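# Notes for the structure review
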2 protein chains.
Amino acid sequence: MQAFLEEAKKSSRTIANLSTAVKNKVLNEMADALMNHCDFIISHNEKDMSEARLNNLGEALLDRLLLTGDRVKDMANAIRQIASQAEPVGRILDGWVTKDGLNIQKVSIPIGVIGIIYESRPNVTSDTAALCFKSGNVCVLKGGKEAEHSNKAIAMVLREVLTKNRLPEQAISLLPDSSREGVAKLIKQDKYVDLIVPRGGEALIRFVSENSSIPVIKHDKGICHIYIDKDAAAAKIIDIVINAKCQRPSACNSIETLLIHEDIAPYIINGLEDAFLEMGTILKGCAETLKYIKVIPATLEDFDTEYLANILNIKIVKNIDEAITHIQRHGSGHSESILSENYTTVNKFLSEVDAACVYANASTRFTDGGAFGLGAEVGISTNKLHSRGPMGINDLTTFKYKVYGSGQIRN
Amino acid sequence: MQAFLEEAKKSSRTIANLSTAVKNKVLNEMADALMNHCDFIISHNEKDMSEARLNNLGEALLDRLLLTGDRVKDMANAIRQIASQAEPVGRILDGWVTKDGLNIQKVSIPIGVIGIIYESRPNVTSDTAALCFKSGNVCVLKGGKEAEHSNKAIAMVLREVLTKNRLPEQAISLLPDSSREGVAKLIKQDKYVDLIVPRGGEALIRFVSENSSIPVIKHDKGICHIYIDKDAAAAKIIDIVINAKCQRPSACNSIETLLIHEDIAPYIINGLEDAFLEMGTILKGCAETLKYIKVIPATLEDFDTEYLANILNIKIVKNIDEAITHIQRHGSGHSESILSENYTTVNKFLSEVDAACVYANASTRFTDGGAFGLGAEVGISTNKLHSRGPMGINDLTTFKYKVYGSGQIRN
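Residues numbered from 1 in each chain as written. Chains lettered and ligands numbered in written order. Predicted model: local features only at pLDDT ≥ 70, side-chain atom pairs only at ≥ 80, totals over all residues. Heavy atoms only, no water.

## Section: the pattern of salt bridges
Side-chain pairing between opposite charges can occur once the charged atoms of the two side chains come close. One pass over the full model with this rule turns up 50 salt bridges over all chains. The partner of B:Lys25 in a salt bridge is B:Glu29, and the shortest N-O contact between them spans 2.9 Å. Of the two residues, B:Lys25 and B:Glu29 are both situated in helix 2 (residues 20-36); the distance of four residues between them amounts to about one turn of the helix. When the shortest N-O distance is used, the salt bridge between B:Asp231 and B:Lys230 registers 3.6 Å. Overlapping salt bridges bring together A:Lys9, A:Asp194, B:Asp354, B:Lys384 and B:Arg388 as one network. (Salt bridge = Lys/Arg side-chain N within 4 Å of Asp/Glu carboxyl O. Helix = DSSP H or I, 4+ residues; strand = E, 2+ residues; numbered from the N terminus.)

Right under this line is the structure:
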C-alpha cells in the first residue's frame, strides 16, 4: 500500500503542472477511448451483473450497476463536458503589495492526491477520474465491490490514454486492496494522500471521519426543512413544498419536515394534506397538526430521520424563532428554505440558519452542482470547512501564496 | 464536558449574529477591563510564576510566562487593534444568477465553536478570545497547565464584560478539564465543536491530528529552504540568507537548509561561511560542500530536522530540479525561497514547489500575519486545506450560500 501510494504521490508533481491544452487533449482522448472500448467495458460489466444477480441484488441496485451503449456514451460526454470547463488551477484568488514591497499572489493549485471512496455506479469512476485530472489532482479510487470488474475495465481504458501521452498512469489509480481493511489503511496515509472524499452510507462516512488522519470532505445526510411563514405567498406554497418532497424523495436535498407558522396553518393545512395525498406522501404530524388533520403522530425520532422516501413530518410552530431553533436542533446543515414575503423575516432566516444552502421562496432541490451552475459535480459537501454545499471543480483546488520580492529582508 | 460544550454551542448563535458595532464596543471594553484589573491579573500570574520556579522551569519559559504592567497594556492594545480590523463576517465572496433565476450569494459566516489548545504565554488567551469574538465565533480555550492561574484571571475579566453586555459568558470558555484526558475528550465532540486549532509541540499536534473527529488546523513545524540559483544576484545573497537563518532562529519560518547551484557555489561559498561564522551559526555540509569549506558533515537526518536554533545545512545541487526534488522530499510545505534573476527559473520554482508560501528573492521570515499585512495573527497553518500559511481573522470564517428565489421549483 505504501509503495503504491508513494508512486501516486510522485506522479502528482507532473499532473499538477500540466497545461490546460494538454489536460483537455487527454480528456477528449479518454472520451474517445471509452467509446472505442465500449464492448470491452460492457463485457466486464456483464461479469459484475451476473455476480450481482447470483447475490440477489435488488432491481434498483442492478439498474445502478448496469452499463449499456448509451450509458457509456453518457460517460464519454461527461468527460468532454469536464474538459470544456474553465481551468480551475492558477486562478488568482487575491493579491496585494505589502508595506515592504512584497508582491503577494494567492493562487489556486491542485490539492495533490485525493482518495475517493464510493459505491455501485460505475460511471462515478470515469466522472471522478476526469474531475480530478482536470483539476491537476491524482486520484486513488475505491469503488464498490459489486462494480469491481466494470471499474477495473474503465480505469484500464483511461490509464492507457495517460500512457500513450507519456503521462504517469498512477494519476488514475484504483486502490489495490478494496476491502474494508484497505480503506482503514488508506485513511491513515497522510504522508501520501491529501484528502479523502467518502460517498456512501452513514456507517462508512462515520468510520472514515472517526479514523482518518487525512482531512475528510463528507457527503453526509440531508435532513432538510421548509418553514412556511405567516407571511408566505399562498400561491407559491404548494408547488414548492410538493417539489421539495416529492420530485425525488430519495435525494439528500429533499425535505423531511415542513414547519408551519400557527397563524397560517388553519388556512393552508387542508390544502397541503390533499396535495400530498395525491402524491402518495405518508404524512406525520405534531400534536398541534393532529388538531387539523388526521395523520400519523410524529415521534421525536422522526424529526431526526433522513427518510429518503416519500414521507413528511409536519410541525406547527409559534414563530420564526421556534422554527429556527427546531432547524438548528434537528437539521443536518444541508438545505433549508423559508417561504415568506416579509423582508425582515426572510433576512432573519437567511442570516441565522446555519446550513450550507439557505433559500428564500424556492425548493431545496436546487442544492446541486448542475442546478447551481457549477458544472459537473464532485458531490455535495456537508463539511463546514474548505468546501460546503454543491462541490464544483474549483473545490478540488487549494491555494498557495506566491511572493515576488526584490531583495527584502525582515526587520 | 458535554453539558459544558452544549452551552458553548448554544451561545454561538447569539455571537454569530452580533453587529460590528456591538462587537467593537465589547472588545474595547475588554481592553479597558484588562487595564483596570491589571493588578488582579498580575497577582494571579505571580502564583503561576512561583509554582514555575518551584518546578525549576528554565529562564526562557519563565520569561514567556511572566506578566508585567507593560505586558498587560500590550494585551489590551492588541484587543483594540483587533477591534479596528475590517469585519470578517458577511463578506460576499461570490455571487451569480442561475439559469432558473435564483440569485446565489456566497457569504462569509463564523465557523461556530473553535477549540484552541496552546501553551505558556498568557497573552494568547486574550488575543485568541478577541480574534474569535471579532469573527463571531465562540472559543473553548485550553491553555498550558503552567499558566492556569493567569489564564483563569484573564478569562474572568473578559467574561465579566460579556455579562455586563448581556451576552452569554460561554462565548469565552476555558476547558474545565485541562488534563491530557480533557483534550482527548474535547477532540471527539464533533457535535458541539467545529474546529480544533492545536498550537504547541510536535507530540501534541500529532496526537490531536490522529485522534480528532473534528477538523484540525495544524501549526506544525517549518523545515524551510533557500535555493541559490546559478543566476542569483550576488549583491542580495548574503543579506537574505543571513536574515532567513539568524534574525530569529527559533521561528518556524527560519531556514534549515541552503541549497546552492554547483555553478555558483565556488564563487560564493567562502563568503557565506565567513558571514555565518560571524553570526555564530553552526554549519553542516553535504559531501560536495566539504570540498570547499571545513564544516560538520550533514547526515540525512539533519535534512529532516527543524532546528529552531542557529544551525544550518548547506547542500550543493546540480540544478533547479534537484533543488525542487530535495525540497519536496524534506520540506514541510511551509516557506521556500529562490534567489535568481532568471525569469523562467523563478517561475518554475514558484509553480512547482508545493508550500504555503513560495518566495522569489526575499527572506522566508516574512511568512507571518503581520508581515503579510493580514493584521493580528491566529497562527501559521501548515494545513493544505481551508487555511494555509499566515492565518488572519478571515480564516476564522467559513461560508454559506444564500439563495434568493421567487417561487422556483426544480424540473
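## What to know about the pairing of strand 6 (residues 195-198) of chain B
All names here are of chain B. A two-sided burial pattern is seen for strand 6, the buried positions comprising Leu195 and Val197 on one face and Ile196 and Pro198 on the other. When strand 3 (residues 113-117) meets strand 6, the two strands line up parallel, connected through four bridges. Residue Ile114 lies in a different strand from strand 6, and its bridge partner there is Leu195. (Buried < 20%, exposed > 50% of the residue type's maximum accessible area, 1.4 Å probe, protein only. Pairing = 2+ DSSP bridges.)

## A closer look at the UniProt feature "domain: Aldehyde dehydrogenase" (unreviewed entry) in chain A
The UniProt entry lists residues 3-276 of chain A under the feature "domain: Aldehyde dehydrogenase" (unreviewed entry), expressed in the numbering used here. Secondary structure content for residues 3-276 of chain A is 51% helix and 16% strand, while the C-alpha to C-alpha distance between its ends is 56 Å. (UniProt positions renumbered as here; feature names shortened; annotations may be inferred.)

## Some details on the interface of chain A and chain B
With 72 residues of chain A in contact, the opposing surface of chain B contributes 72 residues. Carbon and sulfur atoms supply 52% of the area buried between chain A and chain B, which totals about 5900 Å² over both sides. Of all residues in chain A, the largest losses of buried area upon contact with chain B belong to A:Arg13, A:Leu385 and A:Arg410, amounting jointly to 14% of the total for that side. Across the contact surface, chain A and chain B share 10 salt bridges. For A:Asp190, the salt bridge goes to B:Arg206, with nearest N and O atoms at 3.5 Å. (Contact = heavy atoms within 4.5 Å. Buried area = accessible area lost by both parts, 1.4 Å probe.)

## A closer look at the relation of the copies chain A and chain B
When chain A is fitted to chain B, the best match, at an RMSD of 0.1 Å, comes from turning it 180° and sliding it 0.0 Å along the axis. The transformation relating the two chain copies, once decomposed into turn and shift, fits a two-fold axis. Considering only C-alpha atoms, the residue of chain A closest to the rotation axis is A:His386, which sits at 2.2 Å. The residues that chain A uses at the interface reappear at the interface of chain B in 100% of cases, marking a shared surface. (Least-squares fit on C-alpha atoms with pLDDT ≥ 70 in both.)

## Focus on the packing of aromatic side chains
Overall, the coordinates contain 10 aromatic pairs over all chains when judged by the stated rule. Judged by centre distance (5.1 Å) and plane angle (80°), the ring pair of A:Phe372 and B:Tyr401 falls under edge-to-face. A residue pair is termed interchain when its members come from two chains, as with A:Phe372 in helix 15 (residues 369-372) and B:Tyr401 in strand 16 (residues 397-408). For the pair shown, A:Phe372 and B:Tyr401 are each scored as buried. Seen from their ring centres, B:Phe399 and B:Tyr401 are 5.6 Å apart, and the 75° between their planes marks the pair as edge-to-face. The exposure class of B:Phe399 is buried, given its relative accessible area of 8%. Residue B:Tyr401 is classed as buried on the basis of its relative accessible area, which comes to 3%. Each residue in the set A:Trp96, A:Phe399, A:Tyr401 and B:Phe372 is aromatic and connected to the rest through ring pairs, giving one cluster. Over the face of the ring belonging to A:Phe207 we find A:Arg180, whose NZ or CZ atom lies 4.5 Å from the ring centre. (Phe/Tyr/Trp six-rings, centres within 6.5 Å; stacked < 30°, edge-to-face > 60°. Lys NZ or Arg CZ within 6 Å of the ring centre and 35° of its normal.)

## Details of unusual backbone geometry
Phi at A:Leu308 is positive, roughly 50°, even though this residue is not glycine. Tracing the backbone shows A:Leu308 in the loop between strand 10 (296-297) and strand 11 (311-317).

## Observations regarding the nonpolar core
Across soluble globular proteins, nonpolar side chains show a tendency to be buried alongside one another. B:Met30, B:Leu34 and B:Ile196 are the most contacted members of the largest nonpolar core, which totals 65 residues. Once you skip the residues sitting within four places of it in the chain, B:Met30 turns out to touch B:Ile79, B:Leu158, B:Val161, B:Leu162 and B:Ile172. Grouped together as the second largest cluster of nonpolar side chains are 64 residues, A:Cys38, A:Met75, A:Leu167 and A:Ile214 included. (Core = buried A, V, L, I, M, F, W, Y, C linked by side-chain atoms within 4.5 Å.)

## Let's talk about the domain arrangement of chain A
By domain assignment, chain A separates into domain 1 (2-220 + 386-404) and domain 2 (224-370). Computed from C-alpha atoms alone, the centre-to-centre distance between domain 1 of chain A and domain 2 of chain A is 35 Å. (Domains from an automatic or database assignment.)

## Overview of the sheet that holds strand 1 (residues 92-97) of chain A
A sheet is described by the order of its strands in space; here 10 strands give the open sequence 1(A)-2(A)-16(A)-13(B)-12(B)-7(B)-8(B)-11(B)-9(B)-10(B), paired in mixed fashion. Both edges of this open sheet fall to strand 1 of chain A together with strand 10 (296-297) of chain B, since each of them pairs with a single strand only. Taken together, the four bridges between strand 12 (residues 335-339) of chain B and strand 13 (residues 357-362) of chain B define a ladder with parallel strand orientation. Note that in strand 13 of chain B the partner of B:Glu336 across the bridge is B:Val358. In the packing of helix 14 (residues 343-352) of chain B onto the sheet, the strands contacted are strand 16 (397-408) of chain A together with strand 7 (224-228), strand 12 and strand 13 of chain B, and the crossing angle to strand 16 of chain A comes to about 145°. (Axes fitted to C-alpha atoms, helices over the stretch in contact; angles between N-to-C directions.)

## Some remarks on the packing of helix 6 (residues 123-134) of chain A against helix 7 (residues 148-164) of chain A
Residues and elements named next belong to chain A. Two numbers describe how helix 6 lies on helix 7: the axes approach to 9 Å, and their chain directions differ by 30°. In terms of orientation, helix 6 and helix 7 fall into the roughly parallel class. Where helix 6 crosses over helix 7, the two elements pack in a sense that is right-handed. On helix 7, the residues that touch Thr125, Ser126, Ala129 and Phe133 of helix 6 are Asn151, Ile154, Leu158 and Leu162. Tallied by class, the residues present in the contact of helix 6 with helix 7 amount to five nonpolar, three polar and no charged. (Parallel < 35°, antiparallel > 145°, perpendicular 65-115°, else oblique. Left-handed = near helix turned anticlockwise from the far one by under 90°. Nonpolar A, V, L, I, M, F, W, Y, C, P; charged D, E, K, R; others polar.)

## Section: helix 3 (residues 38-54) of chain A
Residues and elements named next belong to chain A. The terminal C-alpha atoms of helix 3 lie 24 Å apart, and with 17 residues this matches the ideal 24 Å at 1.5 Å per residue to within 8%. Every buried residue belonging to helix 3 is among Cys38, Ile41, Ile42, His44, Asn45, Asp48, Met49 and Ala52, and all of these are buried. Projected down its long axis, helix 3 carries its buried residues within an arc of 165°, all on one side. Looking at helix 3, the residues exposed on the side facing more than 90 degrees away from the buried face are Asp39, Glu46 and Leu54. Asn56, located one to two residues past helix 3, shows a positive phi value of around 55°. (Expected span 1.5 Å × (residues − 1). Arc of directions from axis to C-beta.)

## Some details on the state of the cysteines
All names here are of chain A. Across all of its chains, the model carries zero disulfides over all chains by this definition. This cysteine, Cys224, is not joined by any disulfide, and Cys252 carries the nearest cysteine sulfur, 7.0 Å off. Judged by its relative accessible area of 0%, Cys224 is buried. Between Cys246, a free cysteine, and Cys224, which holds the nearest cysteine sulfur, the sulfur-to-sulfur gap is 14 Å. With a relative accessible area of 12%, Cys246 lands in the buried category. (Disulfide = S-S within 2.5 Å.)

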